[in-house]
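# Observations on the model geometry
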There are 2 protein chains.
Amino acid sequence: MAATESQNKAKLTRKEQIESIATALFKQRGFAATSMRDLASAVGIEAASIYAHVRSKEEILQSICFKMANEFFAELAEIESQSITYTQKLRQVITAHIKIITHNIAASTVFQQEWRHLSEPFLTDFLSLREKYEHRIRELIQQGIETGEFISSDTRFVTRTLLSSLNGITQWYKLDGELSPEAIAGNLADLFLNGLNTHKDDRPKYH
Amino acid sequence: MAATESQNKAKLTRKEQIESIATALFKQRGFAATSMRDLASAVGIEAASIYAHVRSKEEILQSICFKMANEFFAELAEIESQSITYTQKLRQVITAHIKIITHNIAASTVFQQEWRHLSEPFLTDFLSLREKYEHRIRELIQQGIETGEFISSDTRFVTRTLLSSLNGITQWYKLDGELSPEAIAGNLADLFLNGLNTHKDDRPKYH
DNA sequence: CCTACCGATCGGTAGG
DNA sequence: CCTACCGATCGGTAGG
């Protein structure tokens, strides 16, 4: 009970503050190039004091990576459970993914670029989660093809391309930019669903 | 003349061999997490001996990043000079970019992910080149819109999305995989030009 | 290309 | 949360 109380009060525990600042630094310089002394100095304490709140440098990375993974899965499960067309599901997946990314730009960047510094068994777990997420989106596209909503395509390729486009948003999204997360989602869904061409006679016979 | 001769002979100079192995290591572990001792050991010499061929660790990174940039620009200039439709130009840009990436997977990955470890003035130069490349592709899409080939869209957004999709290929392309570079290029061009949807009545009114 | 070595910095611990 | 400190490792140089 006392433990629960201490978790509930206050805005940000010191541990959360450390993780938040670490996330920004890992994004800026990369995990390997960020030292615990850099982190401590940014927090305003001594390097050794960090270890009162955190077991190791890698533990911080683990926390960032798996928290982000959980966010993506929570939204995906919600969408999968709905009774709507696959076109609508795809639009919602795009919207949800972009919402998560734009609300956690630094953590998303670390999630995307720094996971390789995880040690085992975290590395294997992480890659397995990523594979599962991709697989479930691929399933969604496959089912859209079977209902006739989407054209027949290489679903593995389409899914990877979609995820690259989604994850690439971390590299250019600006809070003060001209495009809101919702506008980005709308544009991206339009592009993937309808393409750039004004007519559809361009397609060679790959399929 | 003697200098020219020594450049022309042999398969790979020691310097080229060092850069090639460094590229693979930088891709695998990242620039910051790769030590000169790792590199030396992979080459089969002592760490200090590396410095007989290379001025610093960063010089290797500079070489990788700017060589890749030059490759992209050479292909782009070639395509821009042709008299073909913008649809065809876009297809060729996609094909050329993918060709370069798939032929230099490790160097492309380093180019994309490790450039932030460049020091000034290289960092600024590099970002300026990247911006120039994006700008020229954006111009190409803008012109395609003006001729009526492409639908009116946010060209900045479309260009960034295309580049994310192209660069994401380094993350999943396998030499022994099911898709050849040409097939990937065809699929990607089809997706961006025509989209996934079997009909075009899905588009909401964002534009 | 090697041996020998430099000062700096790393992640982390002991003990309070 | 601090002082004091550990052994390991870092990028790089001197001198041959």
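Quick caveat, the model's predicted, so the values are computed rather than measured.

Definitions and cut-offs
Throughout this description, residue numbers start from 1 for each chain and increase along the sequence as written. Key to labels: chains lettered from A, ligands numbered from 1, both in the order written. Totals for whole chains, interfaces and linings use all residues, but because this is a predicted model, local features are given only for residues with pLDDT of at least 70 and pairs of side-chain atoms are given and counted only at 80 or more. The basis for every side-chain value is the complete set of non-hydrogen atoms in the structure, without hydrogens or water. Throughout, a residue-residue contact means that at least one pair of heavy atoms, one from each residue, lies within 4.5 Å. Buried area: the accessible area, evaluated with a 1.4 Å probe, that two parts lose upon being put together, summed over both parts. Salt bridge criterion: a side-chain nitrogen from Lys or Arg within 4 Å of a carboxyl oxygen from Asp or Glu. Any pair of nitrogen or oxygen atoms within 3.5 Å is treated as a polar contact; in protein, a donor-acceptor pairing is required on top of that, and neighbouring residues in sequence qualify only through side-chain atoms on both sides. Strands here are runs of E lasting at least two residues and helices are runs of H or I lasting at least four, both read from the DSSP assignment and numbered beginning at the N terminus. Least squares is used to superpose the copies, and the fit set is the C-alpha atoms of residues whose pLDDT is at least 70 in both copies. One heavy atom suffices: a residue is near a molecule or strand as soon as one of its heavy atoms comes within 4 Å of it. Ten residue types, Ala, Val, Leu, Ile, Met, Phe, Trp, Tyr, Cys and Pro, are classed as nonpolar, four, Asp, Glu, Lys and Arg, as charged, and the remainder, Gly among them, as polar. Nonpolar cores are built from buried Ala, Val, Leu, Ile, Met, Phe, Trp, Tyr and Cys residues. Side-chain atoms within 4.5 Å join them into one set. Between buried and exposed lies partly exposed: a residue is buried under 20% and exposed over 50% of the maximum accessible area for its type, with that area taken using a 1.4 Å probe on protein chains only. What marks off one domain from the next here is an automatic or database domain assignment.

This brings us to the interface of chain A and chain B. In this assembly, 51 residues from chain A lie in contact with 52 residues from chain B. Counting the surface lost from both chain A and chain B, the interface buries some 4600 Å², and carbon and sulfur atoms represent 54% of this. Where chain A meets chain B, there are two salt bridges. Taken together, chain A and chain B are joined by 19 residue pairs in polar contact (both at pLDDT 80 or more). At the level of secondary structure, the elements contributing two or more residues to the side of chain A that touches chain B comprise α2 (14-29), α6 (86-103), α9 (155-168) and α10 (181-194) of chain A. Broken down by element, the residue count for the side of chain A that touches chain B peaks at nine residues, all from α10 of chain A.

What follows concerns the relation of the copies chain A and chain B. Placing chain A over chain B gives an RMSD of 0.0 Å and needs a rotation angle of 180 degrees, together with 0.0 Å of translation along the axis. Viewed as a symmetry operation, the transformation between the two copies matches a two-fold axis. Closest approach to the rotation axis within chain A is made by the C-alpha atom of G195 of chain A, at a distance of 2.0 Å. When the interface residues of chain A are mapped onto chain B, 100% of them again fall at the interface, so both copies present the same face.

On to the protein's contact with DNA strand D. Taken together, the neighbourhood of DNA strand D is formed by 15 residues, with R14, E46 and S49 of chain A together with M36 and R37 of chain B sitting nearest. By atom count, sugar and phosphate contribute 56% of the portion of DNA strand D lying within 4 Å of the protein. Here a phosphate oxygen of DNA strand D and a side-chain polar atom of S49 of chain A are 2.5 Å apart. Between DNA strand D and R37 of chain B, the relevant distance is 2.7 Å, taken from a base nitrogen to a side-chain nitrogen or oxygen of the residue. Of all the elements in the fold, those that place two or more residues in the surface near DNA strand D are α4 (47-50) of chain A together with α3 (36-43) of chain B. Counted by class, the surface near DNA strand D contains six nonpolar, five polar and four charged residues.

A few words on the protein's contact with DNA strand C. In the region of DNA strand C, 15 residues are neighbours, and M36 and R37 of chain A together with E46, S49 and H53 of chain B sit closest. The sugar-phosphate backbone supplies 56% of the atoms of DNA strand C found within 4 Å of the protein. Note that a phosphate oxygen of DNA strand C is positioned 2.8 Å from one of the backbone N or O atoms of M36 of chain A. Between DNA strand C and the protein, one listed contact pairs a phosphate oxygen with a side-chain N or O atom of Y51 of chain A at 3.1 Å. Only α3 (36-43) of chain A together with α4 (47-50) of chain B provide two or more residues apiece to the surface near DNA strand C. Among the residues making up the surface near DNA strand C, the classes are represented as six nonpolar, five polar and four charged.

In terms of nonpolar packing, the biggest core is built from 124 residues, with L39, L90 and I94 of chain A together with L39, L90 and I94 of chain B touching the most fellow members. If you tally residues by element for this core, the top one is helix α5 (residues 57-80) of chain B, at eleven residues. Leaving out residues up to four positions away in the same chain, L39 of chain B has contacts with I18, I21, A22, L25, I50 and I60 of chain B.

Residue and element names in this part refer to chain A. What the domain assignment lists for chain A is domain 1 (12-55) and domain 2 (61-200). Of note, the centres of domain 1 and domain 2, computed from C-alpha atoms alone, are 29 Å apart. Domain 1 puts eight residues into the contact, and the matching count from domain 2 is eleven residues. It is T23, K27 and F31 in domain 1 that bury the most area against domain 2; as a group they hold 61% of the surface buried on that side. Put simply, domain 1 and domain 2 have one salt bridge between them. Between K67 and E19 there is a salt bridge; the shortest N-O distance is 3.1 Å. The interface formed by domain 1 and domain 2 includes three residue pairs in polar contact (both at pLDDT 80 or more). Split by residue class, the side of domain 1 that touches domain 2 holds four nonpolar, two polar and two charged.

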